[in-house]
Amino acid sequence: MMLKARFPMEPANRAIEAGRFGRIIEATIERLEPEATYFFTERGCRAALFIFDLTDQADIPIFAEPLFSELDAELEVQPVMNAEDLTKGLDAAFTS
């Protein structure tokens, strides 16, 4: 799965000033155990991208709600695959 989070400027600034932003990001990383994490800017705001395994959709609120409630984040969660997954899927699609 891919989780992209965009943090609006004012809530993120307040969280940084209060020392909460880094703790929230660290807790998110601990929850997700991502294989990759990237930080960047998007539309003039701070943003992050996490690539991780999701085994149960019921886990989405566990990582999403703190980002929503603490940082007013805008989230996108979508399935993604690596090259090995794509090859496996294409092989299965065309060998039937």
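Before reading on, note that the structure itself is shown above.
A brief structural summary. (Residues numbered from 1 in each chain as written. Predicted model: local features only at pLDDT ≥ 70, side-chain atom pairs only at ≥ 80, totals over all residues. Heavy atoms only, no water.)

**Thoughts on the nonpolar core**
Step number 1: In terms of nonpolar packing, the biggest core is built from 17 residues, with Leu3, Phe7, Phe21, Leu67 and Leu71 touching the most fellow members.
Step number 2: Listed by contribution, the elements that provide at least two residues to this core are strand E1 (2-7), helix H1 (9-17), helix H2 (21-32), strand E3 (45-51) and helix H3 (60-71).
Step number 3: If sequence neighbours within four positions are ignored, Leu3 has contacts with Leu32, Ala48, Leu49, Phe50, Phe52, Phe63, Leu67, Leu75, Glu76 and Val77. (Core = buried A, V, L, I, M, F, W, Y, C linked by side-chain atoms within 4.5 Å. Buried < 20%, exposed > 50% of the residue type's maximum accessible area, 1.4 Å probe, protein only. Helix = DSSP H or I, 4+ residues; strand = E, 2+ residues; numbered from the N terminus. Contact = heavy atoms within 4.5 Å.)

**What to know about the pattern of salt bridges**
Step number 1: Per the stated rule, a full pass over the model turns up five salt bridges.
Step number 2: A salt bridge links Lys4 to Glu76; the shortest N-O distance between them is 3.9 Å. Residue Lys4 is found in strand E1, and its partner Glu76 is found in strand E4 (residues 74-78); the two are separated by 72 residues along the sequence.
Step number 3: Accessibility expressed as a relative area gives 18% for Lys4, which makes it buried.
Step number 4: The class of Glu76 is partly exposed, set by a relative accessible area of 40%. (Salt bridge = Lys/Arg side-chain N within 4 Å of Asp/Glu carboxyl O.)

**Some details on the packing of aromatic side chains**
Step number 1: This model, assessed by the stated rule, comprises three aromatic pairs.
Step number 2: Geometrically, the ring pair formed by Phe7 and Phe21 is edge-to-face, given 5.2 Å between the ring centres and 80° between the ring planes. Separated by 14 residues along the polypeptide, Phe7 in strand E1 and Phe21 in helix H2 bring together distant segments of the chain. Just as Phe7 is buried, Phe21 falls in that class too.
Step number 3: With a centroid separation of 6.4 Å and 85° between ring planes, the pair formed by Phe39 and Phe50 is classed as edge-to-face. (Phe/Tyr/Trp six-rings, centres within 6.5 Å; stacked < 30°, edge-to-face > 60°.)

**Section: a negative patch on the surface**
Step number 1: A grouping of Glu35, Asp53, Glu84 and Asp85 is seen on the molecular surface, where their side chains present a negatively charged patch.
Step number 2: With respect to the secondary-structure elements, Glu84 resides in helix H4 (residues 83-94).
Step number 3: With a relative accessible area of 63%, Glu84 lands in the exposed category. (Patch = residues over 30% accessible without salt bridge, like charges linked within 9 Å, V, L, I, M, F, W, Y side chains within 5 Å. Areas by Shrake-Rupley, 256 points an atom, 1.4 Å probe, with all protein chains shown as cover. Lys, Arg positive; Asp, Glu negative; His and termini not counted. Charge placed at Lys NZ, Arg CZ, Asp CG, Glu CD.)

**Here we look at a nonpolar patch on the surface**
Step number 1: On the surface, Met81, Leu86, Leu90 and Phe94 cluster together to form a nonpolar patch covering roughly 450 Å² of accessible area.
Step number 2: Owing to a relative accessible area of 41%, Leu86 belongs among the partly exposed residues under this scheme.

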